[in-house]
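These are the residues of each chain, in order.
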Amino acid sequence: MPTILIIVGITGDLSRRKLLPAIAEMAAAGVLPEKFEIIGITRKNDVVLHDLFEKAEHAEYLEMRTELFPMSLEETSDYMRLGAHLEEVDAALGGGAQRLWYLAVPPKTAWPIIEHLGSSGLSKARTTKLLLEKPFGVDSASAEELVAHVESSFSPEQVYRIDHYLAKETVQNIVVFRSDNPLFEHTWNGENIERIDIVASESIGIEDRAAFYEQTGALRDLIQSHLLQLAALTLMKLPKEDDLHAIPEARHALLKTLAVDPDGVILGQYEGYKDEVGNPDSNVETFASVRLRSSDPRWKDVPITLTTGKALAEKKTEIIVTYRHADTQKANRLTLRLQPDEGVELCFFAKRPGYDHIIERVPLSFSYAEHFEMLPDAYERVFLDALRGDHTLFASSGEVIESWRITDAAREAWRVKNVPPVTYARGSAPKGAVIACDACTVAPQEQPFTGILQ
Ligand code: BG6
């Protein structure tokens, strides 16, 4: 279908770093509609298209397909002007184009834009879709308000809430790993599994996002979104017969079963954060670990721990499944390595060759890099699915609201302790929280299995 992509905030970081490069890659791969136009909305009158794409790959293609449209985001008359212009672009494309609105702007700016799109009638134009970036609110109440606000102008089918983790290849593979490998799916329950740890550690700090991070923190930034989505995919009931479209509902149903264990919440802040953001009193957490329980009988007695943090030792996202064994030192462990070094690893035990009977933990590994040529960027998939009208890899309003319920409970569990986040040195982790090590390659006799968070 001919397509007009309208990017509000085309000069912003998100659009330049993620969306435009993804579009250029898709163009190079030949998966974009032949009739395709980008309208870049900007509040500035002096943006030069050529400068905007100066450092981009396939800049020529982007420049050829993009047109800038300077306008005020508050003026009703400007939306009318834009509407008329979109009709012209549509006609030039031969008519019948779908319109994809991508709001690469902060939530406060997005709110009135959504209102204007509704009141100007632009939201109701034929095949119009709205792509939204997180954060979707700051707590349950604001998320519910935002959902209602969006749905007063757009129908739920028109809305695509991006959680770029859902579109990562390795994350999509969680469902395939479970549904197409009965060996694992048959033992995917609390009878066989002792604990599940989902870790997203980052070595970077907050970079230049002080204002954003001061209002957000690790719980809202990563636990509420990416990590709860990973938990949902790992624990949910698999839909019947590869019915991929039923996955959002399955994720939602699982999220409803989760509750925070108030004794399992640790928040931390790296040393130097307060200076970085220029707020000596800041209690914003740059590290969060939250232990959850599911009321689903399948996961009875299985702690599920989500851990994330900035300025930790390394960049790593993993789902670690520890199987039951009377002696935890000897537990089998399955790791879905989502990034980097994407792959799957199962730790099992083998006899170390030699005259003595020494048992050693060894890995059975699969690496994406060794088997497959390329992993497309998540944003390519996000954009392609929105073009196709497939909601599977997007967060539904129900999921967003449920995730906020859980995040709010974690915040509250920490608040009642009335203590500031635990300070940790850059490159380490807060006391009491041990981030996963590669225990697979270490003989258990030589190093105790500290594995995951204690
Ligand atoms: C974003 C968060 O959603 O995800 C960032 O706002 C975080 O704080 C980023 O760094 C991590 O994404 P990725 O794909 O690099 O793991």
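Residues numbered from 1 in each chain as written. Predicted model: local features only at pLDDT ≥ 70, side-chain atom pairs only at ≥ 80, totals over all residues. Heavy atoms only, no water.

K.L.:
So what's going on with the nonpolar core? Residues and values would help.
P.N.:
Leu5, Leu131 and Phe383 are the most contacted members of the largest nonpolar core, which has 96 residues in total. Ranked by the residues each element gives to this core, the list is headed by helix α10 (residues 217-235), at eleven residues. Structurally, this core is a two-domain feature, drawing no fewer than three residues from each of domain 1 (3-133) and domain 2 (166-439). Leave out the neighbours within four places in its chain, and Leu131 touches Leu100, Trp101, Tyr102, Leu103, Tyr160, Ile162, Val382, Phe383, Ala386 and Phe394. Among the nonpolar cores identified, the runner-up in size contains 33 residues, and Ile39, Met71, Val105 and Phe136 belong to it. (Core = buried A, V, L, I, M, F, W, Y, C linked by side-chain atoms within 4.5 Å. Buried < 20%, exposed > 50% of the residue type's maximum accessible area, 1.4 Å probe, protein only. Helix = DSSP H or I, 4+ residues; strand = E, 2+ residues; numbered from the N terminus. Domains from an automatic or database assignment. Contact = heavy atoms within 4.5 Å.)

K.L.:
Give a detailed account of the sheet that holds strand β8 (residues 258-270), specifying residues and quantitative values.
P.N.:
With mixed pairing, the nine strands of this open sheet are ordered in space as β14-β13-β12-β11-β7-β10-β9-β8-β15. Pairing within the sheet leaves two strands with one partner each, and these edge strands are β14 (359-367) and β15 (422-424). Averaged over all neighbouring strand pairs, the angle between strand axes comes to 20°, with direction disregarded. Each of β7 (193-201), β8, β9 (287-294), β10 (304-309), β11 (316-323) and β12 (333-339) is contacted by α10, which is oriented at about 140° to β10, the strand it contacts most. (Pairing = 2+ DSSP bridges. Axes fitted to C-alpha atoms, helices over the stretch in contact; angles between N-to-C directions.)

K.L.:
A description of a positive patch on the surface should follow, citing residues and the corresponding values.
P.N.:
On the surface, Arg16, Arg43, Lys44 and Lys55 cluster together into a patch of positive charge. Mapped onto the elements, Arg16 comes out in helix α1 (residues 13-29). (Patch = residues over 30% accessible without salt bridge, like charges linked within 9 Å, V, L, I, M, F, W, Y side chains within 5 Å. Areas by Shrake-Rupley, 256 points an atom, 1.4 Å probe, with all protein chains shown as cover. Salt bridge = Lys/Arg side-chain N within 4 Å of Asp/Glu carboxyl O. Lys, Arg positive; Asp, Glu negative; His and termini not counted. Charge placed at Lys NZ, Arg CZ, Asp CG, Glu CD.)

K.L.:
Hey, could you go over the packing of aromatic side chains for me, with residue numbers and the actual values?
P.N.:
Think of a pair of aromatic rings as described by two things: how far the centres are apart, and how the planes are tilted against each other in angle. Counted under the stated rule, the structure contains eleven aromatic pairs. Considering the side-chain rings of Phe177 and Phe184, the 4.8 Å spacing of their centres and the 35° angle between planes classify their relative orientation as tilted. On the accessibility criterion, Phe177 (8% relative accessible area) is buried. Assessed through its relative accessible area of 16%, Phe184 is described here as buried. Of the aromatic side chains, those joined through ring pairs into one cluster are Tyr213, Tyr270, Tyr273, Phe287 and Tyr424. The residue whose ring lies beneath Lys168 is Tyr165, and the NZ or CZ to ring-centre distance is 4.7 Å. (Phe/Tyr/Trp six-rings, centres within 6.5 Å; stacked < 30°, edge-to-face > 60°. Lys NZ or Arg CZ within 6 Å of the ring centre and 35° of its normal.)

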